[in-house]
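Summary of structural features
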Amino acid sequence: MTEGTSDMANSRIAIGIDVGGSGIKAAVVDVEAGRLRSERLRVVTPNPSTPDAVLAAVARLIKRLAKANGLGESTPVGIGLPGVTIDGVLKSAANIDQAWIDFPVVERLTRVLGRRVSIINDADAAGIAEMRFGVGRDQPGVVIFLTLGTGVGSGTFVDGKLVPNTEFGQMEIRGRPAERRSAAAARVKRGLSWKAWTADLDEHLDRIQQLMWPNLMILGGGVSKNADRFVPRLTVRCRVVPAQLRNDAGIIGAAIVAAEAPSAGTPEVEAPKTEADGSAPVAASEAASAIVPAPSSETS
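Residues numbered from 1 in each chain as written. Predicted model: local features only at pLDDT ≥ 70, side-chain atom pairs only at ≥ 80, totals over all residues. Heavy atoms only, no water.

1. Thoughts on the packing of helix H2 (residues 51–69) against helix H3 (residues 105–113)
With their axes 11 Å apart at the nearest point, H2 and H3 run at an angle of 40 degrees to one another. As the angle between them shows, H2 and H3 are arranged oblique. Once H2 is placed against H3, the crossing between them reads as right-handed. Contacts between H2 and H3 involve Asp 52, Leu 55, Val 58, Ala 59, Ile 62 and Lys 63 from the first element and Val 105, Arg 108, Leu 109 and Leu 113 from the second. Within the contact of H2 with H3, the residues separate by chemical class into seven nonpolar, no polar and three charged. (Axes fitted to C-alpha atoms, helices over the stretch in contact; angles between N-to-C directions. Helix = DSSP H or I, 4+ residues; strand = E, 2+ residues; numbered from the N terminus. Parallel < 35°, antiparallel > 145°, perpendicular 65-115°, else oblique. Left-handed = near helix turned anticlockwise from the far one by under 90°. Contact = heavy atoms within 4.5 Å. Nonpolar A, V, L, I, M, F, W, Y, C, P; charged D, E, K, R; others polar.)

See the structure below:
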């Protein structure tokens, strides 16, 4: 839902960008409510998906959102990217061009946009949003969040706190990366029925179960809207549920990271203080890993 600039002035907002193998999505986000405060924009991911091509598309989206919503340069930007993100750069690249590896994303975009920029693994971003505002809220123990899209991204949480940069989509099953069989795109590409694809997904989830013994698995991405077609067929031992935020999760989570980062170019976030404990900021090394209970105000 699009909000007027006067409404946004009363909220803590940031721009969230979700870069995927097939599309780039962006919106202005109220990070206290976990809601989009603008139109959600989407463009096709450039092919080839080089850093220069993708970042040019991202910059255009940010400028469109800033102009349409009257945002100044103080509004930060968070970007979820499909790879391991450390110190403002990608250390791996899944379903995007390999030129992203070690490319100075934060440095480049901060200079181009003239505003604060933070990056995070795209599945970690979506998981942050789902754990704070979705079905993962207040869930104890180990929770595995998976995005089933062009590939399979993963976010791992222990008592609500992110363990960053896990890559369960890249684990090997039957001699190949697991996501080649369990991603939502794999079902379409291979022309599989829901039943046949679910068997491949089930094998992947079972392997994760054996390694991590989670209390809960949350399945996100656009395919989660068809959860009734495959979740009841799963046999994995832990509870498996569809995500609530679906395709907005990555945008919301990236915006949360941007809003809570104290400075550009670092993965740090300051843990929001709660009325109960007034907790201190997390250490630099814990950066985008701090997930705290959602605000007590309404989030829907």
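From this point on, the discussion continues.
2. As for the pattern of salt bridges
Under the criterion given, the structure shown has 13 salt bridges. Here Asp 200 makes a salt bridge to Arg 181, at a shortest N to O gap of 2.5 Å. Note that Asp 200 is positioned in helix H7 (residues 194–212) and Arg 181 in helix H5 (residues 179–182), a separation of 19 residues in sequence. With respect to class, Asp 200 is no different from Arg 181; both count as buried. The salt bridge involving Glu 203 is made with Arg 181; its shortest N-O contact spans 3.1 Å. Pair noted here: Glu 203 is in helix H7 and Arg 181 is in helix H5, with a separation of 22 residues, a long-range link. Looking at Glu 203, the relative accessible area reads 22%, which means it is partly exposed. Connected through shared salt-bridge partners, Arg 174, Arg 181, Arg 190, Asp 200 and Glu 203 make up one network. (Salt bridge = Lys/Arg side-chain N within 4 Å of Asp/Glu carboxyl O. Buried < 20%, exposed > 50% of the residue type's maximum accessible area, 1.4 Å probe, protein only.)

3. Quick word on H3
Listing the buried residues of H3 in full gives Val 105, Val 106, Leu 109 and Leu 113. One side of H3 carries all its buried residues, which in axial view fall inside an arc of 85 degrees. Exposed side of H3, more than 90 degrees from the buried face: Glu 107 and Arg 111 are the residues found there. Taken together, the buried residues of H3 touch H2, strand S5 (77–81), strand S7 (89–90) and strand S8 (117–121). Looking one or two residues beyond H3, the residue adopting positive phi is Gly 114, at roughly 70 degrees. (Arc of directions from axis to C-beta.)

4. Remarks on unusual backbone geometry
Residues Asn 47 and Pro 48 are joined by a peptide bond in cis, for which omega reads 5 degrees. Topologically, Pro 48 is positioned in the loop between strand S4 (41–44) and H2. You will see that Asp 87, though not glycine, has its phi angle at about 55 degrees, which is positive. Relative accessible area serves as the criterion here: at 59%, Asp 87 is assigned to the exposed category. The phi angle at Asn 95 is positive, at roughly 65 degrees, despite the residue not being glycine. Inspection of the secondary structure puts Asn 95 in the loop between S7 and H3. Take Asn 95: its relative accessible area is 37%, and that puts it in the partly exposed class.

5. Let's talk about helix H8 (residues 249–260)
Taking 1.5 Å per residue, 12 residues should reach 16 Å; H8 reaches 17 Å between its end C-alpha atoms and fits that length. With respect to burial, H8 is a largely interior element, 12 of its 12 residues being buried. When we look at burial in H8, the residues that qualify are Ala 249, Gly 250, Ile 251, Ile 252, Gly 253, Ala 254, Ala 255, Ile 256, Val 257, Ala 258, Ala 259 and Glu 260. (Expected span 1.5 Å × (residues − 1).)

6. Quick look at the confidence of the model for the protein chain
Summarising the model, the protein chain shows a mean pLDDT of 86, and 84% of its residues fall at 70 or more. Here helix H1 (residues 5–8) is the element of the protein chain with the lowest mean pLDDT, 50, and H7 is the one with the highest, 98. With pLDDT under 50 throughout, residues 1–6 is counted as low confidence; its partners more than four residues away or in other chains account for 13 contacts. Throughout residues 264–300 the model reports pLDDT below 50, and contacts reaching past four residues in sequence, or to other chains, amount to 69 contacts. (pLDDT = per-residue confidence, 0-100.)

7. Section: the sheet that holds strand S9 (residues 142–148)
Sheets are built from strands paired through backbone hydrogen bonds, the pairs being either parallel or antiparallel. With mixed pairing, the five strands of this open sheet are ordered in space as S11-S10-S9-S14-S15. Two strands lie at the open edges of the sheet, namely strand S11 (161–163) and strand S15 (239–242), each paired on one side alone. The average angle at which neighbouring strand axes cross in this sheet is 25 degrees, direction not considered. Sheet analysis places strand S10 (residues 152–158) next to S11, joined by three bridges and oriented antiparallel. Residue Val 158 lies in a different strand from S11, and its bridge partner there is Lys 161. Across the sheet, helix H4 (residues 122–133) lies against S9, S10, S11 and strand S14 (216–220), angled at about 50 degrees from S10, the strand it touches most. (Pairing = 2+ DSSP bridges.)

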